[in-house]
Amino acid sequence: MIVQAQRILPVVIRRDTRLYLGKNPCSSCAGTCVGIVWMCNPGTTMGPPIWGPCNPDPTLRRVGDIFNQANALAIAGGKEGVGNNDYLQILNLHYVVDSDPTSGWITANSMMPSYTELPQSHVNFCWLAWGQNTQPQFVTSALAMLAGASISKIFHFDEKTKTIVSGAPIPPSWPMHPLRPVSRIDLSKISSYIATCL
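Residues numbered from 1 in each chain as written. Predicted model: local features only at pLDDT ≥ 70, side-chain atom pairs only at ≥ 80, totals over all residues. Heavy atoms only, no water.

K.L.:
Sorry, what's going on with the sheet that holds strand 5 (residues 87–92) here?
P.N.:
Within a beta sheet, neighbouring strands are joined by backbone hydrogen bonds and run either parallel or antiparallel to one another. The strand order 4-1-2-5-3-6-7-8 describes an open sheet built from eight strands, whose pairing is mixed. Whereas interior strands pair on both sides, the edge strands pair on one side only; in this sheet they are strand 4 (52–54) and strand 8 (163–166). Between one strand axis and the next, the sheet turns by 30° as a mean value, whatever way the strands run. By the bridge criterion, six bridges tie strand 3 (residues 33–39) to strand 5 in an arrangement that is parallel. Looking across to strand 5, one finds that Met-39 is bridged to Asn-92. Of the strands in this sheet, strand 6 (123–128), strand 7 (151–158) and strand 8 touch helix 4 (residues 184–197), which is tilted by about 175° from strand 7. (Pairing = 2+ DSSP bridges. Helix = DSSP H or I, 4+ residues; strand = E, 2+ residues; numbered from the N terminus. Axes fitted to C-alpha atoms, helices over the stretch in contact; angles between N-to-C directions. Contact = heavy atoms within 4.5 Å.)

Right under this line is the structure:
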């Protein structure tokens, strides 16, 4: 798994984050986006000043594990699986790199809507996984951008029912964050679902 991203200044922003399964993706930003994982914020992980590899944090490692398992299940089921340059697009509700979630939201609010990233169109799936630490205006903006994209399947994991739910959550219900599952069965449900999308 390789995470590629870019850092832009003067506010530290992590942008164009991609998670590759291949060990040697091409360095020219090419490749095919097979899916989207839409989370809350970048945390403290940032990319280099020029787009390139960065060290994943626990959340991105968890997403990578789920993606890797989904690909293995897809191959076991007779599918071709993802290629070396295929990747997941990692989107966030905001892109400010900050170890303090509160100050991150304050900075993001002052910038909105000056910095956003649009979801790739014509991808196989979009997993909504931004958790409960959200602000409604950012969720509204994200859902509006989703409505303009051509995505085969949009889903989230409901923490109360422990099930995959098609479509976006209806507030005050929020999609579960990737670090929330405490048992392997939760992760296997998500991996199995994504495998059907590959």
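K.L.:
Where do I start with the nonpolar core in this structure?
P.N.:
Side chains of nonpolar character tend, in soluble globular proteins, to be buried together. Among the nonpolar cores identified, the biggest contains 29 residues, and Val-37, Leu-88, Trp-127 and Ile-194 are the most heavily contacted of them. Setting aside anything within four residues of it in sequence, one finds Leu-88 in contact with Thr-17, Arg-18, Leu-19, Val-34, Gly-35, Val-37, Val-63, Phe-67 and Phe-125. Listed in part, the 26 residues of the second largest apolar core include Trp-51, Leu-91, Val-96 and Leu-128. (Core = buried A, V, L, I, M, F, W, Y, C linked by side-chain atoms within 4.5 Å. Buried < 20%, exposed > 50% of the residue type's maximum accessible area, 1.4 Å probe, protein only.)

K.L.:
Looking at this structure, how should I read unusual backbone geometry?
P.N.:
Negative phi characterises most residues that are not glycine, and trans characterises most peptide bonds. Unlike most non-glycine residues, Asp-16 shows phi in positive territory, near 50°. Locating Asp-16 in the fold gives a position in strand 2 (residues 13–20). Asp-16 sits in the buried class, given a relative accessible area of 18%. At Lys-162, a residue that is not glycine, the phi angle is positive and equals roughly 55°. Tracing the backbone through its elements, the reader meets Lys-162 in the loop between strand 7 and strand 8.

K.L.:
Honestly, the packing of aromatic side chains in this entry has me stumped. Any pointers?
P.N.:
Centre distance and the angle of the planes are the two values used to describe a pair of aromatic rings. Enumeration over the complete set of coordinates arrives at six aromatic pairs. A centroid spacing of 5.4 Å and a plane angle of 45° characterise the contact between Tyr-20 and Tyr-87, whose relative ring orientation is tilted. Here the residue Tyr-20 occupies a position in strand 2, and Tyr-87 occupies one in strand 5, the gap between them amounting to 67 residues. Note on accessibility: Tyr-20 and Tyr-87 belong to one class, buried. Measuring from ring centre to ring centre gives 4.5 Å for Phe-155 and Tyr-193, while their planes differ by 55°; the resulting arrangement is tilted. Taken together, the positions of Phe-155 in strand 7 and Tyr-193 in helix 4 put the pair 38 residues apart, joining distant regions of the chain. For the residue pair Phe-155 and Tyr-193, the accessibility class agrees, reading buried in each case. (Phe/Tyr/Trp six-rings, centres within 6.5 Å; stacked < 30°, edge-to-face > 60°.)

K.L.:
Hey, could you run me through the pairing of strand 7 in this one?
P.N.:
Two faces belong to every sheet, and in a regular strand the side chains alternate between them. Judged from the five bridges that link them, strand 6 and strand 7 form a sheet pairing that is parallel. When the sheet's bridge partners are listed, Leu-128 is paired in strand 7 with His-156. Since strand 6 and strand 7 lie parallel, the crossover through helix 3 (residues 136–147) that links them has a hand, and here it is right-handed. Relative to strand 8, strand 7 runs antiparallel, the two sharing four bridges. Counterpart to Asp-158 in the pairing with strand 8 is Thr-163. In sequence, strand 7 turns back onto strand 8 through a hairpin of four residues, with Lys-162 there showing a positive phi of about 55°. (Right-handed = clockwise from strand over helix to strand, strands pointing away.)

K.L.:
Whenever I open this one, the pattern of salt bridges confuses me. Can you help?
P.N.:
Counting across every chain of the model gives one salt bridge. Close ionic contact of Asp-16 with Arg-18 constitutes a salt bridge, the shortest N to O distance being 3.2 Å. (Salt bridge = Lys/Arg side-chain N within 4 Å of Asp/Glu carboxyl O.)

K.L.:
For this particular structure, what's the right way to read the pairing of strand 5?
P.N.:
With six of six residues buried, strand 5 is to be regarded as a mostly interior element. What you see with strand 5 is no split at all: Tyr-87, Gln-89 and Leu-91 on one side and Leu-88, Ile-90 and Asn-92 on the other are buried throughout. Of the pairings in the sheet, the one linking strand 2 to strand 5 comprises four bridges and is antiparallel in character. Paired with Leu-19 across the strands is Leu-88, a residue of strand 5.

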